[in-house]
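# Geometric and topological summary
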Amino acid sequence: MMSAAPSRGCLLDLPWEDILVPHVLCHLPLQQLLSLQRVSKSFQSLIQLFLANMRCFDSSKIGPAIPRAAFVNLMKDNEVLHQLVLQNCSDWLTDRELLPVIGQNHHLQQIQLKGCAQLSRHALVAISLSCPHLRRLSLAHCEWVDSLSLRSLADHCKALEAVDLTACRQLKDEAICYLAQKCGKLKSISLAVNANVGDGAVEEIAKCCPELEHLDLTGCLRVKNDSIRVLAEYCPKLRSLKVKHCHNVAESSLSILRGRGVELDVEPPLQRALVLLQDVVGFAPFINLQI
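Looking at an unreviewed UniProt entry, the protein chain carries the name F-box/LRR-repeat protein 15, with the source organism given as Tinamus guttatus. The UniProt entry for the protein chain carries the following text under Subcellular location (unreviewed entry): "Cytoplasm".

Put into structure tokens, the structure is as follows:
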């Protein structure tokens, strides 16, 4: 009697939670996972299990044009997210889609909402109330961020280490000062492209955030030399400072930081002059450029 031929194994026969989810599916692009769940009901269940245990959701891996219904379906069972990246999803992301995700994920440590213009201040309030472990937050070009919602963030997310408030034009010195006072662990702050930010905010950041390493003040026209000197005095760990287009900040204050090796985005006056000269006459004189 001939023995029966051995049956060929199936991918789905492997342990889902021990093998497939942590060691196989995690290496597949999200777009492929979405395609895979259409193969069969079993694959759909497997992918849903993976999505429910996913620690990082990055919309850029699918594309900013993801349908809002698809996003809601992807996130409906997930309560263990650590990172949520939704930058430039202004075409479809509103409070209605975001708030349920924020409300059920209390372990979020990093959130990126850069350019998500259709959200409202309620989104930031929800983040502050639901995400006490938040460390990094990007709200660049979110003009809906206002002083009250930022105060809520400061009151509840005191573990913040990095915040990007680029072009959040409703914010003034008072709100930034409050954030600095409450979140003394901040290491990276961007206040770029905000004409309302002045010396008061910079000085409060300097005095309240001794761990500060990176500060972006690009285009903050009200910032002057005095606050830069305070920054140099109170922030020994500062590694980079951006002050391009801050027309009231001069080399007299920047030279202190330059001497400490802080990376600046503006060149010393002599260096700038030589570059201009080279552009005009086509060569640079042999001059010792050390200052």
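Don't stop here, the text continues.
Secondary structure summary: the protein chain contains 12 helices and 9 strands in total. Scored against the burial criterion, the 291 residues of the protein chain give a buried share of 44%. At a minimum sequence separation of 6, the contacts of the protein chain that also span at least 24 residues come to 71%. Carbon and sulfur atoms provide 53% of the accessible area of the protein chain, an area that totals close to 15200 Å².

A separate point is the pattern of salt bridges. For the structure shown, the criterion picks out 8 salt bridges. The shortest N-O distance in the salt bridge between R169 and E143 comes to 2.6 Å. Remark: E143 occurs in the loop between strand 4 (136–138) and helix 7 (147–156) and R169 occurs in the loop between strand 5 (162–164) and helix 8 (173–182); sequence separation between them is 26 residues. Given the relative accessible area of 43%, E143 is considered partly exposed.

Here the focus is the nonpolar core. Residues F57, L217 and L241 are the most contacted members of the largest nonpolar core, which totals 86 residues. In this structure, this core is formed jointly by two domains, domain 1 (17–53) and domain 2 (55–277), each of which donates at least three residues. Apart from residues lying up to four places away in sequence, F57 is in contact with L30, I62, I66, F71, L74, M75, L81, Q83, L84, V85 and L86.

Moving on, we come to the sheet that holds strand 1 (residues 56–58). Overall, parallel pairing links the 9 strands, which are arranged 1-2-3-4-5-6-7-8-9 in an open sheet. Of all strands in the sheet, those bounded by a partner on one side alone are strand 1 and strand 9 (263–264). When strand 6 (residues 188–190) meets strand 7 (residues 214–216), the two strands line up parallel, connected through 3 bridges. Bridge pairing in strand 7 links S188 to H214.

Before going further, it helps to spend a moment on the environment of E251. Considering the arrangement of structural elements, one finds E251 in helix 11 (residues 251–259). Residues E251 and P269 lie 18 residues apart in sequence; the distance between their C-alpha atoms is 7.4 Å. Here E251 is in contact with R258, P268 and P269, once residues within four sequence places are set aside.

Our focus in this paragraph is the packing of helix 5 (residues 95–103) against helix 6 (residues 121–130). Orientation of helix 5 relative to helix 6, taken along the N-to-C sense of each, is 5°, at an axis distance of 9 Å. Relative to helix 6, the element helix 5 lies roughly parallel. Together, D95, L98, L99, I102 and G103 of helix 5 and H122, A123, A126, I127 and S130 of helix 6 make up the contact between the two elements.

Using the criterion set out here, one finds 2 aromatic pairs in the structure. Judged by centre distance (5.6 Å) and plane angle (65°), the ring pair of F57 and F71 falls under edge-to-face. Note that F57 is positioned in strand 1 and F71 in helix 4 (residues 68–75), a separation of 14 residues in sequence. F71 carries the same exposure label as F57, and that label is buried. Aromatic side chains F71 and W92 sit 5.1 Å apart centroid to centroid with 55° between the ring planes, which places their arrangement in the tilted category. Placement of F71 in helix 4 and of W92 in the loop between strand 2 (83–85) and helix 5 is noted, with a sequence separation of 21 residues between them. For F71, a relative accessible area of 0% corresponds to the buried category. Among the aromatic side chains, those forming a connected cluster through ring pairs are F57, F71 and W92. Over the aromatic face of Y178 sits the side chain of R151, whose NZ or CZ is 3.8 Å from the ring centroid.

Conventions adopted
- Residues numbered from 1 in each chain as written.
- Predicted model: local features only at pLDDT ≥ 70, side-chain atom pairs only at ≥ 80, totals over all residues.
- Heavy atoms only, no water.
- UniProt positions renumbered as here; feature names shortened; annotations may be inferred.
- Helix = DSSP H or I, 4+ residues; strand = E, 2+ residues; numbered from the N terminus.
- Buried < 20%, exposed > 50% of the residue type's maximum accessible area, 1.4 Å probe, protein only.
- Contact = heavy atoms within 4.5 Å.
- Areas by Shrake-Rupley, 256 points an atom, 1.4 Å probe, with all protein chains shown as cover.
- Salt bridge = Lys/Arg side-chain N within 4 Å of Asp/Glu carboxyl O.
- Core = buried A, V, L, I, M, F, W, Y, C linked by side-chain atoms within 4.5 Å.
- Domains from an automatic or database assignment.
- Pairing = 2+ DSSP bridges.
- Axes fitted to C-alpha atoms, helices over the stretch in contact; angles between N-to-C directions.
- Parallel < 35°, antiparallel > 145°, perpendicular 65-115°, else oblique.
- Phe/Tyr/Trp six-rings, centres within 6.5 Å; stacked < 30°, edge-to-face > 60°.
- Lys NZ or Arg CZ within 6 Å of the ring centre and 35° of its normal.

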